[in-house]
Structure formats: structure tokens, C-alpha cells
Protein chains: 2
Amino acid sequence: MKAYIGLDIGGTKILGVLYNENKEALASVKKKTKATGGLEVVLEQIYKVVDGLLEDSEVELVGIGGGSPGIIIDESTIKFAPNIPFNGLNLGKIMEEKYGVPFILGNDVNVAMYGEWKASSISEAKSILGVYVGTGLGGAIIIDGKMYTGLGGAAEFGHMNVNPDGVICGCGSKGCLESYASKTGMQKAINAAIRKGRETVLEDYLKSDGDVIKSSSLQKAYVAGDHVAIEVIDDGMDYLARGMATLVNLFHPELIILGGGVMESMGALLKDRIVEKTKGYAMIGLADEVRFELSHLSDDAGVYGAFQLIYDKLN
Amino acid sequence: MKAYIGLDIGGTKILGVLYNENKEALASVKKKTKATGGLEVVLEQIYKVVDGLLEDSEVELVGIGGGSPGIIIDESTIKFAPNIPFNGLNLGKIMEEKYGVPFILGNDVNVAMYGEWKASSISEAKSILGVYVGTGLGGAIIIDGKMYTGLGGAAEFGHMNVNPDGVICGCGSKGCLESYASKTGMQKAINAAIRKGRETVLEDYLKSDGDVIKSSSLQKAYVAGDHVAIEVIDDGMDYLARGMATLVNLFHPELIILGGGVMESMGALLKDRIVEKTKGYAMIGLADEVRFELSHLSDDAGVYGAFQLIYDKLN
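In this report, the structure presented in the accompanying data block is examined. Predicted model only: the values in this text are computed from it and were never measured.

Considerations on the overall build of chain A
Next up, step 1: Helix and strand counts for chain A stand at nine helices and twelve strands.
Next up, step 2: Taken against the 2.2 N^0.38 rule, which gives 20 Å for 315 residues, the C-alpha radius of gyration of chain A at 19 Å falls within 12% of a compact globule.
Next up, step 3: Taken along its principal axes, the extent of the C-alpha atoms in chain A is 50 × 45 × 35 Å.
Next up, step 4: For chain A, contacts bridging at least 24 residues in sequence account for 64% of all contacts bridging at least 6.
Next up, step 5: A total accessible area of about 12200 Å² is found for chain A, and carbon and sulfur atoms account for 47% of it.
Next up, step 6: Positive and negative side-chain charges in chain A, numbering 30 and 41 respectively, have mean positions lying 3 Å apart.

Okay, structure coming up:
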């Protein structure tokens with residue numbers, strides 16, 4: 001039986017799913033990325049995911065699709081990635097040599113949007129933006145039914161310059177939206193609050209979550225009324241709304257999809273307020289006709305989109 | 001002889017040009033907008049421009065095209081305009097009733113870009129942004145050979161949110177790029193410097209220029225080494241570069257065109273520095289493949305584009 005693998009390589013975790021030709025998921029493996037361990041460690045984690053999927057299965061692997069953070073050139077090479085040690089890496093070449101099947105790579109957020117688009121009925125809208133809030137903050141643009149990437153690196157929504165006096169970002173610039181409105185940004189604010197001696201249940205959660213708080217922990221602390229969690233999330237979502245207002249003023253799109261780990265955990269709680277604030281920050285009236293929806297595939301969009309990418313390429 | 005009028009209705013001046021069917025300019029009239037005088041005063045100024053063009057000419061007027069600041073709906077109505085008292089005005093209806101010929105309206109910057117695009121050879125590029133720095137700061141987007149306006153109001157580059165603690169903008173939000181990187185923004189900084197008692201030749205220029213400094217006066221003061229002029233322009237262009245870096249990160253376009261009154265006067269002086277700073281503020285390497293060019297039609301692009309708009313509609 002022919003099978004495909006979709007890989008979602010994130011800054012925190014690597015998720016792989018094995019699909020058959022009927023687009024049914026056969027198996028799933030998830031590993032931590034261990035991004036601070038360097039390139040070889042992350043590659044080993046990727047191999048473990050792929051090997052784990054193929055173990056004990058009697059499928060004939062015909063191709064692998066992947067989504068990775070960063071700017072992807074020629075569907076193979078990561079030109080630059082802020083949260084993962086992949087700068088300049090031709091991941092396509094490495095994977096094709098190791099597994100002997102075609103490999104195709106896209107920007108993680110573009111790939112997630114592609115997955116969502118393929119799986120749902122959003123394709124009628126002529127202008128769609130995807131805003132994905134997770135470890136980082138990524139974006140995707142669909143115009144007239146096509147993924148828009150410009151010269152290859154478009155839709156880096158996390159790297160809007162939103163504060164001239166802002167903090168240094170992993171991308172080399174400063175005051176980027178991602179430094180405020182992503183888990184990495186919120187983690188910095190949590191650390192600062194803890195250093196100041198403020199009491200928060202997040203301190204306990206962090207002991208099990210690791211360096212960066214889990215979205216589910218943020219959600220639990222928020223719902224429990226933890227003051228630090230509420231403040232950090234409110235500030236982050238305020239910045240997110242400013243960024244989304246800029247997107248409305250620049251693209252005036254029919255539809256904005258909110259996705260990513262933070263939205264999967266907290267979107268239902270936060271969406272109305274984010275939309276209201278976005279309307280307040282956008283030019284008068286401009287956001288009124290824009291539809292805002294939570295991602296339907298949520299965390300699975302990335303891995304499904306990666307599968308669709310290679311499936312569509314080979315079929 | 002059949003003739004067309006192109007109108008460029010700006011926050012500072014209204015320029016009209018009469019064209020024959022061979023796209024040759026026959027006459028030109030320019031009036032101050034008198035935007036602070038209110039709607040009726042501005043309409044009178046528009047009539048004076050059109051009447052002035054038709055006076056003593058023996059042409060048969062067949063149509064009028066116009067460009068105006070703001071968000072334009074149905075090629076006729078100005079939904080919202082920040083620097084001109086036109087909110088909600090159906091200018092198309094008024095003009096068609098008064099002159100008895102078809103009238104078509106577009107956003108001033110989109111129209112200018114359309115003019116430049118029609119008149120030059122930039123149309124090969126698949127993704128082009130126009131950044132127009134004048135009284136305000138406007139934008140235009142061409143993707144795959146088509147003007148991209150989303151639901152109608154896209155490309156409001158002046159209303160990127162660039163400073164969370166920023167000054168209130170005419171659009172109702174605060175911290176907009178236009179409040180820093182346009183003549184209106186720079187004028188505020190000049191006023192503040194004068195109030196602080198700093199010496200500057202701009203104080204003299206303002207006596208003849210009126211409320212908002214002319215681009216040519218800025219240019220003269222800058223070249224003469226006036227400290228206030230240098231500081232104000234440097235700060236404005238620094239913000240412009242931050243905004244352009246955001247545009248690079250969002251659109252990764254093949255080509256960015258710099259136009260508008262400020263660029264017409266000072267583009268040759270400032271372009272290299274703006275591009276260098278933009279590369280510094282953009283994600284690492286992302287701006288390297290982007291081409292930056294000064295507008296070729298400069299101040300005439302708006303009026304020529306307005307003519308082309310009605311010419312293309314009727315032919």
C-alpha cells in the first residue's frame with residue numbers, strides 16, 4: 001500500500017503523520033524539537049519521527065512533505081529561520097538521500113494554511129490571510145486562489161515592525177510583532193514578572209513545560225484568574241490586534257483565519273476581544289466587512305498541509 | 001476633437017490635465033485644495049480646475065477620471081479620507097451630474113501607480129508595491145499584473161501601526177506610519193522644533209508655503225545643511241525605512257517604487273540611504289533581491305493614471 005508522510009517541524013515539537021492514498025491518517029508520532037541542541041540533534045529528532053511512523057508498518061513510502069519555520073527557497077532550502085538552527089540548510093537534499101523518496105518543503109505557516117484551504121470550504125474567498133500564533137507568529141496569504149509568497153519569503157506577519165524602541169528579535173531586527181504576540185514573547189513577559197517576585201501559577205507550570213510555557217498551561221492559568229497570566233495574555237493579544245489592524249489596512253482581505261497553538265487552546269476565549277480590538281486599531285470602518293474565523297484544523301493543519309503538498313506534487 | 005480630463009485631487013493641491021485621444025496633454029490647471037475650508041470649498045476648487053481646462057478649448061469632453069485620497073468604493077464614493085473633507089461623498093454622482101460625462105474615481109495612490117504602470121515597462125514584475133510619500137503616505141499593490149485592492153481599501157501603507165505609544169492619526173488610530181514619514185508628520189516635528197526656539201530656515205519657508213511645508217522647501221533646507229531640516233527628514237526617512245521593511249517582510253515583492261512629492265524633490269538624495277536602512281530593518285537577507293526604484297512619472301503619475309482610468313474604461 002502506497003503511503004505518504006506529512007511533517008510539521010516546529011520550534012517546540014515535530015509532528016509526523018503517515019497517510020494512505022485515501023488521505024486517511026494511519027499513524028502519528030510526535031517528538032520534541034530540541035532546537036537548542038543544534039542542527040544534528042534536530043535532524044535526529046526528525047529521523048526518529050519518520051522512522052517511528054514506518055516501524056511495524058508495511059506501507060510503501062512514496063514521498064514526504066514538510067513544513068518548517070523560516071524562508072524556504074526552491075521548496076527545499078531554509079534560507080533563514082528564527083527559532084530553529086536551520087539557516088542555509090538544504091533539508092530536501094538530506095531527506096531525499098536518507099529516505100530515497102521525493103521530499104518537498106514549505107514554510108510551516110504557508111503549509112498549514114494550504115492544509116486548511118484544501119480541507120475546508122474557505123477557498124471561495126478571493127483574499128485570505130492566515131495568522132498563526134504559536135511559539136512564533138507566522139502568516140500566510142492566499143490571493144485569487146493561489147498561495148502568495150512574492151519572491152519566496154512573503155507573509156512573515158511576525159516580523160512587522162510594531163515598536164521603534166522594541167526588543168531585539170531573533171530575525172536581527174527589533175520591535176517585531178512576534179516579540180510580543182507569540183508564546184516566545186509572552187514567555188519573556190512571564191519571566192520578567194517572576195523575576196519581580198510576582199506570584200503566579202505559571203511558575204509551577206513552567207517546571208514541567210520547559211523553557212517555553214505550553215499554550216494549554218497559559219489557558220489554564222488564564223481561566224483560573226491568575227493575574228500574571230491575564231496581564232501577559234492581554235498585552236500579547238493587544239499587540240496581536242495592532243498587527244492584525246495593520247494587516248487589514250494593507251490587505252483589506254475577505255477573511256482572516258486565526259490559528260496556531262495559542263489559538264487552538266485559547267481562541268474561543270479570546271477571539272471576540274481580538275476582533276473588537278482589531279476593528280478599533282484599523283482605519284475607521286475598514287475591518288467591518290472582514291470575516292474573522294478560528295482555524296478549523298487547528299494544530300493538525302500543518303501536518304495535513306505537508307501531506308497535501310507532496311500528495312499534490314506526485315498525483 | 002474628443003478629449004478626456006485626468007484629475008489628481010490631493011490634500012494640498014488639485015491638478016487637472018486635458019488629454020486628446022492620442023494621450024497628449026493639451027492643457028493643465030492647478031489649484032490649492034483648501035481642505036480646511038470644508039466640502040463645498042474643495043468642490044468649488046475642483047470645478048475651477050475642470051472649467052479652467054475647458055475654457056477657450058474647442059474639444060468635446062467625453063469623460064473624467066480622478067484620483068482622491070481615501071478608501072474608494074464602486075469607483076465613485078469616498079468611504080473615508082484622512083486629509084480631505086470627503087467622508088461618505090459620492091463624488092462620481094456629483095461630477096457626472098455637473099458635467100454630463102462619465103466619471104471614474106480611484107484611490108489617488110492606486111491611480112498614480114496605474115499611471116506609472118501604464119506608461120512604463122515595470123509591468124513585467126509579478127509583485128510590485130508603490131510607496132508614495134507626500135502630504136500623506138499612500139500605497140499601491142500590483143500582483144500578477146492586476147491592481148490588488150482586496151475588499152476595496154487595501155494598500156493603506158500610511159496606516160501601518162508602527163508605534164504603540166504613538167501620536168493620534170487622522171484615521172482614528174494612533175502610531176500610524178503616516179504620522180511620522182509624510183510631510184504632515186514632518187511638519188509636526190518642524191513645529192515642535194520651532195516652538196522650542198531652534199533656529200531653522202524652514203520658519204521663513206513656512207511663511208510662504210502655508211500650513212504644510214513644500215517638498216521643495218524641505219529639499220532646499222536639507223541641502224543647505226539646516227540642522228532642523230536634516231533631523232526631521234532623517235527621522236522621517238528612518239520611520240519610512242521601518243515601514244518599508246515591514247512591507248518587504250509581508251510581501252517580499254520584486255519591485256518597490258518610491259514616489260510622491262517628497263521623493264520627487266528628494267528621492268535622488270535620499271534613496272540609497274532609505275534602501276540601506278530598509279535592508280537593515282527587514283528580516284536578514286530578505287530585502288536583498290528586492291529592486292527599489294524612484295517613480296519615473298513622479299508628480300504627474302496621478303493625473304496621468306486618472307486619465308488612463310477613464311480612457312481605458314471608455315475605449
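Looking at helix α5 (residues 202-209) of chain A
All names here are of chain A.
Next up, step 1: All of the buried residues in α5 are Leu202, Leu206 and Asp209. Here the buried residues of α5 occupy an arc of 70° about the axis, which is enough to place them on one side. Within α5, the exposed residues directed more than 90 degrees away from the buried face are Lys207 and Ser208.
Next up, step 2: Tucked inside the fold, the buried residues of α5 contact α4 (183-195), α6 (215-223) and α7 (227-251).
Next up, step 3: The first or second residue beyond α5 is Gly210, which carries a positive phi of 100°.

Observations regarding a positive patch on the surface
Residue and element names in this part refer to chain A.
Next up, step 1: Where like charges cluster on the molecular surface, the positive patch consists of Lys30, Lys31, Lys32, Lys34, Lys48, Lys214 and Lys220.
Next up, step 2: With three residues, the top contributor of residues to the positive patch is strand β3 (residues 25-32).
Next up, step 3: With respect to the helices and strands, the residue Lys31 is situated in strand β3.

Considerations on the packing of α4 of chain A against α7 of chain A
Residues and elements named next belong to chain A.
Next up, step 1: Where α4 meets α7, the axes come as close as 10 Å, and the angle between the chain directions of the two elements is 145°. Once α4 is placed against α7, the crossing between them reads as right-handed. Together, Met186, Ala189, Ile190 and Ala193 of α4 and Val228, Val232, Ile233 and Met237 of α7 make up the contact between the two elements.
Next up, step 2: Residue classes in the contact of α4 with α7 are distributed as eight nonpolar, no polar and no charged.

What to know about the state of the cysteines
Next up, step 1: Scanning the model with the defined rule gives zero disulfides over all chains in all.
Next up, step 2: Between Cys169 of chain B, a cysteine without a disulfide, and Cys176 of chain B, which holds the nearest cysteine sulfur, the sulfur-to-sulfur distance is 3.9 Å.

Examining the interface of chain A and chain B
Next up, step 1: With 45 residues of chain A at the contact, the number on the chain B side is 45 residues.
Next up, step 2: For the pair chain A and chain B, the summed buried surface comes to about 3900 Å²; carbon and sulfur atoms form 61% of the total.
Next up, step 3: When residues of the side of chain A that touches chain B are traced back to their parent elements, those giving at least two are β6 (77-80), β9 (137-143) and α7 of chain A.
Next up, step 4: A total of seven residues in the side of chain A that touches chain B trace back to one element, the largest contributor, which is α7 of chain A.
Next up, step 5: Class assignment for the residues of the side of chain A that touches chain B results in 24 nonpolar, 14 polar and seven charged.

Notes on the side chain of Asn249 of chain B
Next up, step 1: Relative to the helices and strands, Asn249 of chain B is located in helix α7 (residues 227-251).
Next up, step 2: Apart from the residues within four sequence positions on either side, Asn249 of chain B is in contact with Gly153, Ala154, Ala155, Glu156 and His159 of chain A together with Ala282, Met283 and Leu286 of chain B.

The rules behind these values
- Residues numbered from 1 in each chain as written.
- Chains lettered and ligands numbered in written order.
- Predicted model: local features only at pLDDT ≥ 70, side-chain atom pairs only at ≥ 80, totals over all residues.
- Heavy atoms only, no water.
- Helix = DSSP H or I, 4+ residues; strand = E, 2+ residues; numbered from the N terminus.
- Rg over C-alpha atoms; globule rule 2.2 N^0.38 Å.
- Contact = heavy atoms within 4.5 Å.
- Areas by Shrake-Rupley, 256 points an atom, 1.4 Å probe, with all protein chains shown as cover.
- Lys, Arg positive; Asp, Glu negative; His and termini not counted.
- Charge placed at Lys NZ, Arg CZ, Asp CG, Glu CD.
- Buried < 20%, exposed > 50% of the residue type's maximum accessible area, 1.4 Å probe, protein only.
- Arc of directions from axis to C-beta.
- Patch = residues over 30% accessible without salt bridge, like charges linked within 9 Å, V, L, I, M, F, W, Y side chains within 5 Å.
- Salt bridge = Lys/Arg side-chain N within 4 Å of Asp/Glu carboxyl O.
- Axes fitted to C-alpha atoms, helices over the stretch in contact; angles between N-to-C directions.
- Left-handed = near helix turned anticlockwise from the far one by under 90°.
- Nonpolar A, V, L, I, M, F, W, Y, C, P; charged D, E, K, R; others polar.
- Disulfide = S-S within 2.5 Å.
- Buried area = accessible area lost by both parts, 1.4 Å probe.

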